[in-house]
Amino acid sequence: MLVFAACLAGGTVLASSDELGGESSYGGERKGEAASQGTALILLKLKEGKERCALIPWIYRYDCLAQGFTEASQAKVRYRELEPAQEILAMAGQKMAAVVERHVDPAQPPSRIGNRTYKAIKQSARAEANAEAQAVLDETESLLLRSYGPPKMAAHYERIAMAVSSSDVLLRSALEPLPGLHNPAIEAIRRFAGLALSFGRVYG
């Protein structure tokens, strides 16, 4: 705490920066570092989740994304102004998990990789699940961009929103035709999704 000293004839009067209504530059720097470190940890969790999801078959990818968002929401950030971001990520994990439950394939055994288990969705639900998952990503990105609170947190929330949005590459690859399978409906949806994403980036 910074201390201000005023020497008067009868002695010295001491006043803290808090008593003067200000915030010490040291305290501000500490908070800035905490925000940056917290954001970096959330981004790391999202990056690790996306990398895991890219390595597994598409039928398990939606559950993998759901778990990745949930893990990012539970990162030990301990910075109050990032709590809304983690709440939004927790909601994204729940909504992505709901997509999986609506289209789960009971005939397909779960895939266990390390200490994680992923449920499969039905191959016949591929296009529908993809559209629902994309809607979750879009909503999550929008909420993050509107919920940053103090202006100083805007850049932090924008970085998290970009990390969420970049997960759409996993959904686009999930629309690729299965080996040896020509499905005009899936290919049409894939083309439409690509156009819609391009339009959103140009005009959004």
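All figures in this text were calculated on a predicted structure; none of them were measured in a lab.

**Q** Can you walk me through the state of the cysteines in this structure?
**A** Under the counting rule described, the total for this entry stands at one disulfide. Disulfide pairing is shown between Cys-53 and Cys-64; the S-S distance is 2.1 Å. Here the S-S torsion is close to -95°, and the disulfide linking Cys-53 with Cys-64 is therefore left-handed. Of this pair, Cys-53 sits in helix H1 (residues 25-54) while Cys-64 sits in helix H2 (residues 58-73), and the two are 11 residues apart along the sequence. A relative accessible area of 1% means that Cys-53 is categorised as buried. For Cys-64, a relative accessible area of 2% corresponds to the buried category.

**Q** Hey, could you run me through the nonpolar core in this one?
**A** Burial of nonpolar side chains together is a common tendency in soluble globular proteins. In this structure, Leu-46, Tyr-62, Phe-69, Leu-89, Met-96, Leu-144 and Ile-160 are the most contacted members of the largest nonpolar core, which totals 43 residues. For this core, the secondary structure elements donating two or more residues are H1, H2, helix H3 (83-103), helix H4 (126-146), helix H5 (154-165) and helix H6 (168-174). By residue number, the principal contributor to this core is H2, which donates nine residues. Contact partners of Leu-89, with chain neighbours within four places excluded, come to Ile-42, Leu-46, Phe-69, Ala-72, Ser-73, Thr-140, Ile-160 and Val-164.

**Q** Help me understand the packing of H2 against H4 in this model?
**A** Two numbers describe a pair of packed helices, the interaxial angle and the distance between the axes. Across the interface, H2 lies against H4 with an axial gap of 11 Å and an inter-helix angle of 20°. It follows that H2 is roughly parallel to H4 by the angle criterion. Our pair here, H2 against H4, has a crossing hand that is left-handed. Note on element contacts: H4 touches H2 through Arg-126, Ala-129, Asn-130, Ala-133 and Leu-137, opposite Trp-58, Tyr-62 and Phe-69.

**Q** Looking at this structure, how should I read the packing of H3 against H5?
**A** For the pair H3 and H5, interaxial distance at closest approach is 11 Å and the crossing angle is 15°. On the basis of the axis angle, H3 is roughly parallel to H5. The interaxial crossing formed by H3 with H5 has right-handed handedness. Across the interface between the two elements, Glu-83, Pro-84, Ala-85 and Leu-89 of H3 pack against Tyr-157, Ile-160 and Val-164 of H5. Residue composition of the contact of H3 with H5, grouped by class: six nonpolar, no polar and one charged.

**Q** Is there a simple way to think about the side chain of Thr-140 in this case?
**A** By the element assignment, Thr-140 lies in helix H4. On the basis of relative accessible area, Thr-140 is assigned to the buried category, the value being 2%. Residues contacting Thr-140, with those up to four places away along its chain left out, are Ile-88, Leu-89, Ala-92 and Val-164.

**Q** Honestly, empty space enclosed by the protein in this entry has me stumped. Any pointers?
**A** If a probe the size of a water molecule is rolled over the atoms, the empty space left behind becomes visible. All told, the structure shown has one cavity of 30 Å³ or more when counted by the stated rule. The volume enclosed by the largest cavity comes to roughly 60 Å³. If you list the elements that add at least two residues to the lining of the largest cavity, you get H1 and H2. Among the elements that take part in the lining of the largest cavity, H1 stands out by supplying five residues, more than any other.

**Q** How should the pattern of salt bridges be read in this particular structure?
**A** Should their charged atoms come close, side chains of opposite charge can pair. A complete count under the given rule lists eight salt bridges for this structure. Salt-bridge contacts for Lys-152 lead to Glu-81; the nearest nitrogen and oxygen are separated by 3.7 Å. In this pair, Lys-152 is assigned in the loop between H4 and H5 and Glu-81 in the loop between H2 and H3, connecting sequence segments 71 residues apart. What makes Lys-152 exposed here is its relative accessible area of 52%. Among the residues examined, Glu-81 registers a relative accessible area of 22% and is labelled partly exposed. Among the ionic contacts, a cluster of salt bridges with common partners joins Arg-52, Glu-71 and Arg-116.

Calculation criteria
- Residues numbered from 1 in each chain as written.
- Predicted model: local features only at pLDDT ≥ 70, side-chain atom pairs only at ≥ 80, totals over all residues.
- Heavy atoms only, no water.
- Disulfide = S-S within 2.5 Å.
- Helix = DSSP H or I, 4+ residues; strand = E, 2+ residues; numbered from the N terminus.
- Buried < 20%, exposed > 50% of the residue type's maximum accessible area, 1.4 Å probe, protein only.
- Core = buried A, V, L, I, M, F, W, Y, C linked by side-chain atoms within 4.5 Å.
- Contact = heavy atoms within 4.5 Å.
- Axes fitted to C-alpha atoms, helices over the stretch in contact; angles between N-to-C directions.
- Parallel < 35°, antiparallel > 145°, perpendicular 65-115°, else oblique.
- Left-handed = near helix turned anticlockwise from the far one by under 90°.
- Nonpolar A, V, L, I, M, F, W, Y, C, P; charged D, E, K, R; others polar.
- 1 Å grid on protein atoms, 1.4 Å probe; cavity = no way out; pocket = protein on both sides within 12 Å on 5 of 7 lines; lining within 4 Å.
- Points joined across faces, edges and corners; volume = space filled by probe spheres on them.
- Salt bridge = Lys/Arg side-chain N within 4 Å of Asp/Glu carboxyl O.

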